[in-house]
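Chain by chain, the residues:
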Amino acid sequence: MNVLSATINQMLVLFIFMALGYFLNYFKVLPLNTSMVVSRLETNVLVPCLVFNTFYKYCTVENMNEKWVYIVYGTVIMIVSIVIGVLLSKLFSKDNYLRKIYTYSFAVANFSFMGNAVVLGIFGEDVLFDYMIFTLPLCLYVYSFGTASLIPKKDNESTKFSLRVFLNPICISMLLGGVAGITGLPIPKFLVTAVSSAGACMSPLAMILTGFIVANFSLKKLLRVKRIYLASVLRLIILPLIFVLVLKLIGTDDSIVMLTLCATAMPLGLNTVVFPAAYDGDTTPGASMALISHVMSIMTIPVMFAIFI
């Protein structure tokens, strides 16, 4: 019942913000270019603040010494998830950019906003701390290779890999936050509070942005994409089930199994909406994924948790 209650409460919060964004667009309360403005605010200010705050808090020498096993398992789960994502994406689309979206979606669930809130509501702050350490490798991937892959390239742009794609506010904030955390660099309290407050705005605005973008499309059109239902089932049920069963089979500690389930059983992430919108990319696949997978997760998350935790 605790799992069910915490999940439903979080989903209600999610849909309140998504509904707000939807109706702000539907009733023309905000101009149509709002999605681009908010997306760039997210990618250039709010997400970097969230990243810096997370790495500043948790990238400490003490945590690395005590929780290194969580980082190891988190890294393995991340690598396997990326490989699976690359393989599955080839079955879902022939378009190169759509494959990147599917790769990202299969490799990364909404482990941050949804995951953090569910873990905190069910298990408390102590487990949330372990969860944040466990998902640090995922954060590293998301805010470097992951988000870089979601930035649409123009026809005349080179498709070759370049380190320049990582010279962005998110990667820079991750580096600065990690260095500040490990070295124990003293930062004025008012500045830490300001950065933390800005980071806290990221998730609600991401929900509003998602709803705002969804309102640009016919709901029937978004709900008709059959492949998204299959992708959602894979993301919400099949992939976490595989990870949990394999870990249990090799005798992994129950705490790591629980953290793995929390990180992998969340719905499809929202960056597939936020980043394409910020760079004038196609947001239709991301909007469809967000809508369908988050609705389905109302039932799948409580069931998965009830079975394995």
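About the criteria used
Residues numbered from 1 in each chain as written. Predicted model: local features only at pLDDT ≥ 70, side-chain atom pairs only at ≥ 80, totals over all residues. Heavy atoms only, no water. Helix = DSSP H or I, 4+ residues; strand = E, 2+ residues; numbered from the N terminus. Rg over C-alpha atoms; globule rule 2.2 N^0.38 Å. Contact = heavy atoms within 4.5 Å. Areas by Shrake-Rupley, 256 points an atom, 1.4 Å probe, with all protein chains shown as cover. Lys, Arg positive; Asp, Glu negative; His and termini not counted. Charge placed at Lys NZ, Arg CZ, Asp CG, Glu CD. Buried < 20%, exposed > 50% of the residue type's maximum accessible area, 1.4 Å probe, protein only. Expected span 1.5 Å × (residues − 1). Arc of directions from axis to C-beta. Phe/Tyr/Trp six-rings, centres within 6.5 Å; stacked < 30°, edge-to-face > 60°.

On to the overall build of the protein chain. Counting its secondary structure elements, the protein chain contains 16 helices and zero strands. In terms of overall size, the protein chain behaves like a compact globule, its C-alpha atoms giving a radius of gyration of 19 Å where 309 residues would be expected to give roughly 19 Å. Dimensions of the protein chain, computed from C-alpha atoms along their principal axes, come out at roughly 50 × 45 × 40 Å. Taking contacts inside the protein chain between residues at least 6 apart in sequence as the whole, the part at least 24 apart equals 85%. Carbon together with sulfur atoms contributes 69% to the accessible area of the protein chain, which is approximately 14800 Å² in total. Charged side chains of the protein chain number 20 positive and 13 negative; the gap between the two group centres comes to 14 Å.

This part takes up the environment of Thr 43. Inspection of the secondary structure puts Thr 43 in helix H2 (residues 34-58). Overall, the relative accessible area of 4% leaves Thr 43 in the buried class. Spatially, the C-alpha atom of Thr 43 lies 22 Å from that of Arg 99, the residues being 56 residues apart in sequence. With near-sequence residues (within four places) excluded, Thr 43 lies in contact with Pro 48, Pro 169, Ile 170, Val 274, Phe 275 and Ala 278.

Okay, helix H10 (residues 189-200) next. The end-to-end C-alpha distance of H10 is 16 Å, a good match for the 16 Å that twelve residues give at a rise of 1.5 Å each. Those residues of H10 lying buried are Val 195, Ala 198 and Gly 199. Down the axis of H10, the buried side of the element spans an arc of 100°, and every buried residue falls inside it. Opposite the buried face of H10, at more than 90 degrees from it, the exposed residues are Lys 189, Phe 190 and Ala 200. Packed against the buried residues of H10 are H2 and helix H11 (202-214).

Further remarks concern helix H6 (residues 113-123). In an α-helix, one full turn covers 3.6 residues, which means residues spaced three or four apart are oriented alike. Burial in H6 covers these residues: Phe 113, Met 114, Gly 115, Asn 116, Val 118, Val 119 and Ile 122. Just past H6, the residue Gly 124 takes up positive phi, approximately 95°.

Turning next to the packing of aromatic side chains. A full pass over the atoms with the stated rule returns eight aromatic pairs. Three or more aromatic residues joined by ring pairs make a cluster, and in this case those are Tyr 22, Phe 23, Tyr 26 and Phe 27.

The next point concerns unusual backbone geometry. The phi dihedral of Lys 28 falls on the positive side, at around 60°, and the residue is not glycine. Mapped onto the elements of the fold, Lys 28 is located in the loop between helix H1 (2-26) and H2. Assessed through its relative accessible area of 59%, Lys 28 is described here as exposed.

On to the environment of Leu 209, then. Positionally, Leu 209 belongs in helix H11. By relative accessible area, which is 2% here, Leu 209 ends up buried. Residues Leu 209 and Leu 270 lie 61 residues apart in sequence; the distance between their C-alpha atoms is 9.5 Å. In contact with Leu 209, not counting residues within four places along its chain, are Ser 35, Val 38, Ser 39 and Val 274.

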